[in-house]
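# Structural features, examined
Read off the chains here:
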Amino acid sequence: MLGTMLHGPGDVRFEARPEPEILEPTDAIIQLSASCICGSDLWPYRGLNAVGEPMAMGHEYCGVVLEVGSAVKTVKPGQFVVGSFCLSDNTCPHCQYGFQSSCEQREFMSGAQAALARVPLADGTLVATAEMPPDDLIPSLLATSDVLGTGWYAADAARVRPGATVVVVGDGAVGLMGVLAAKQMGAERIIAMSRHKTRQALALEYGATDIISERGEAGVARIKELTRGVGADSVLECVGTGESMQQAISATRPGGMIGYVGVPHGVQLEGQSLFFSQTGMLGGPAPVRRFLPHLMDLVLQRKINPGKVFDLELPLADVAEGYRAMDERRAIKVLLRP
Ligand SMILES: [Zn+2]
């Protein structure tokens, strides 16, 4: 089998790999219908996270179950499934509270930029559809696995309510999904911060009511202007830098909530400014499994079209070009077809 390995910064290879096998009775093997490249894959690709051993890449996935271990009860061969990038048992206390991304048995998915993949903790991780979905829904179903689930969690954690004023910091794929989620949750005003034309257009299509292209203090000043000096009820932080986090805190009204899902890199928060901001914060890796059944349902009923966030589709064999396109910001998000 051929699969995607990252050997070092900028060095992605589609190369021979051992075929995945059932290692634990709780495993499943799936045949990927599609996979994709995540913004977080770019951290090691850019050398911002160390790469020691070559890494098997890919954690967003959907496909058909080929084989299950002896303990797997909820999915069976032949079913179409989507799973979260966080593998969870869905039974431990954290899972029961809806925080499957902190599962006591948590593992992170890897190796999904390939034709076949092993999914550990299959019962707690995978959600099957009632029937085989039509091919044109595959990109949107794939999006629920991480990018939509993460944007949704940002909106949920920021407690977006009907009628709310929402700010979305970050116009990457997750930020755009945050706009979609805020719209679905009934936000009245959705202010997207974006300076790229194609991303602004998609944000408007997904439900943004205002676009702010300024950043930093100028960006915060614009938000204050648009909210009569008050700030937003809910802010979705979808970047993970010191600047974007500060922007999120400054944009939130006292008593408002920040949902932060950009993996922090070099973020330092100052205690007193946090204290006097009187904002709530909830973030971390998204518990996508909590939202999966609902999000898959919205896709299957064609109520949302998150798959539009994929603006470049490549055969899996061209995965290295996909990484280049995302790294150089020629593509928002790359879909890979085996
Ligand atoms: Zn658990």
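Residues numbered from 1 in each chain as written. Predicted model: local features only at pLDDT ≥ 70, side-chain atom pairs only at ≥ 80, totals over all residues.

Let's shift gears to the pairing of strand S11 (residues 165-169). By the criterion of burial, S11 is predominantly enclosed, with five of the five residues buried. Summarising the sheet, S11 and strand S12 (residues 189-193) pair through five bridges and their orientation is parallel. Across the sheet, Thr 165 pairs through a bridge with Arg 189, a residue of S12. Crossover S11 to S12 through helix H6 (residues 173-184) is right-handed. (Buried ≥ 20, exposed ≤ 12 C-beta atoms within 10 Å, placed from the backbone. Helix = DSSP H or I, 4+ residues; strand = E, 2+ residues; numbered from the N terminus. Pairing = 2+ DSSP bridges. Right-handed = clockwise from strand over helix to strand, strands pointing away.)

We now examine the domain arrangement of the chain. Taken domain by domain, the chain holds domain 1 (2-146 + 287-337) and domain 2 (152-283). Here the C-alpha centroids of domain 1 and domain 2 sit 27 Å apart. Across the boundary between the two partners, domain 1 contributes 12 residues, which contact 13 residues of domain 2. The residue inventory of the side of domain 1 that touches domain 2, partitioned by class, reads eight nonpolar, two polar and two charged. (Domains from an automatic or database assignment. Contact = placed C-beta atoms within 7 Å. Nonpolar A, V, L, I, M, F, W, Y, C, P; charged D, E, K, R; others polar.)

Ala 28, Val 166, Val 167, Val 168, Met 177 and Val 179 are the most contacted members of the largest nonpolar core, which totals 105 residues. Per element, the largest residue contribution to this core is eight residues, and it comes from H6. Per-domain counts for this core show at least three residues from each of domain 1 (2-146 + 287-337) and domain 2 (152-283). Excluding residues that lie within four positions of it along the chain, Ala 28 makes contacts with Val 65, Glu 67, Val 68, Val 72, Val 75, Val 119, Ala 122 and Leu 126. (Core = buried A, V, L, I, M, F, W, Y, C linked by C-beta atoms within 7 Å.)

Attention shifts here to the packing of helix H5 (residues 147-157) against H6. Across the interface, H5 lies against H6 with an axial gap of 7 Å and an inter-helix angle of 55°. Regarding the angle of H5 to H6, the classification is oblique. In this structure, H5 meets H6 at a crossing whose hand is right-handed. On the side of H5, the interface is formed by Val 147, Leu 148, Thr 150, Gly 151, Trp 152, Ala 154 and Ala 155, while H6 contributes Ala 173, Val 174, Met 177, Gly 178, Leu 180, Ala 181 and Ala 182. Classifying every residue of the contact of H5 with H6 gives 11 nonpolar, three polar and no charged. (Axes fitted to C-alpha atoms, helices over the stretch in contact; angles between N-to-C directions. Parallel < 35°, antiparallel > 145°, perpendicular 65-115°, else oblique. Left-handed = near helix turned anticlockwise from the far one by under 90°.)

The next thing to look at is the sheet that holds strand S16 (residues 280-283). Overall, parallel pairing links the six strands, which are arranged S13-S12-S11-S14-S15-S16 in an open sheet. With partners counted over all chains shown, the strands left at the sheet margins are strand S13 (210-212) and S16, one partner each. In this sheet, adjacent strand axes meet at a mean angle of 20° when their direction is disregarded. Packed onto the sheet, helix H8 (residues 216-226) meets S11, S12, S13 and strand S14 (232-237) and runs at close to 155° relative to S13. Packed on one face of the sheet, helix H9 (residues 242-251) meets S11, S14 and strand S15 (252-260) and runs near 145° to S15.

Further remarks concern helix H7 (residues 197-206). For H7, the set of buried residues is Arg 199, Leu 202, Ala 203 and Tyr 206. One face of H7 carries all of its buried residues, which in axial projection span an arc of 105°. The secondary structure elements touched by the buried residues of H7 are H6, S12 and S13. Positive phi shows up at Gly 207, right after H7, with a value of about 125°. (Arc of directions from axis to C-beta.)

As a further point, take H8. Those residues of H8 lying buried are Gly 219, Val 220 and Ile 223. Each buried residue of H8 sits inside an arc of 100° when the element is viewed along its axis, so together they form one side. Facing away from the buried side of H8, by more than 90 degrees, are the exposed residues Glu 217, Ala 218 and Glu 225. Of the residues trailing H8, Arg 228 is marked for its positive phi of about 55°.

What follows deals with unusual backbone geometry. Phi angles above zero are rare outside glycine, and Leu 121 is one such case at about 50°. Along the polypeptide, Leu 121 turns up in the loop between strand S9 (116-119) and helix H3 (122-125). One non-glycine residue, Arg 228, adopts positive backbone phi at about 55°. Mapped onto the secondary structure, Arg 228 falls in the loop between H8 and S14. Among the residues examined, Arg 228 registers 7 C-beta atoms within 10 Å and is labelled exposed.

Judged by pairing direction, the sheet is antiparallel, and its three strands sit side by side in the order S2-S1-S4 without closing on themselves. A strand with exactly one partner marks an edge of an open sheet, and here the two such strands are strand S2 (11-16) and strand S4 (55-56). Note: strand S1 (residues 2-8) against S4, two bridges, orientation antiparallel. Residue Met 5 lies in a different strand from S4, and its bridge partner there is Ala 56. Packed on one face of the sheet, helix H12 (residues 319-327) meets S1 and S2 and runs near 160° to S2.

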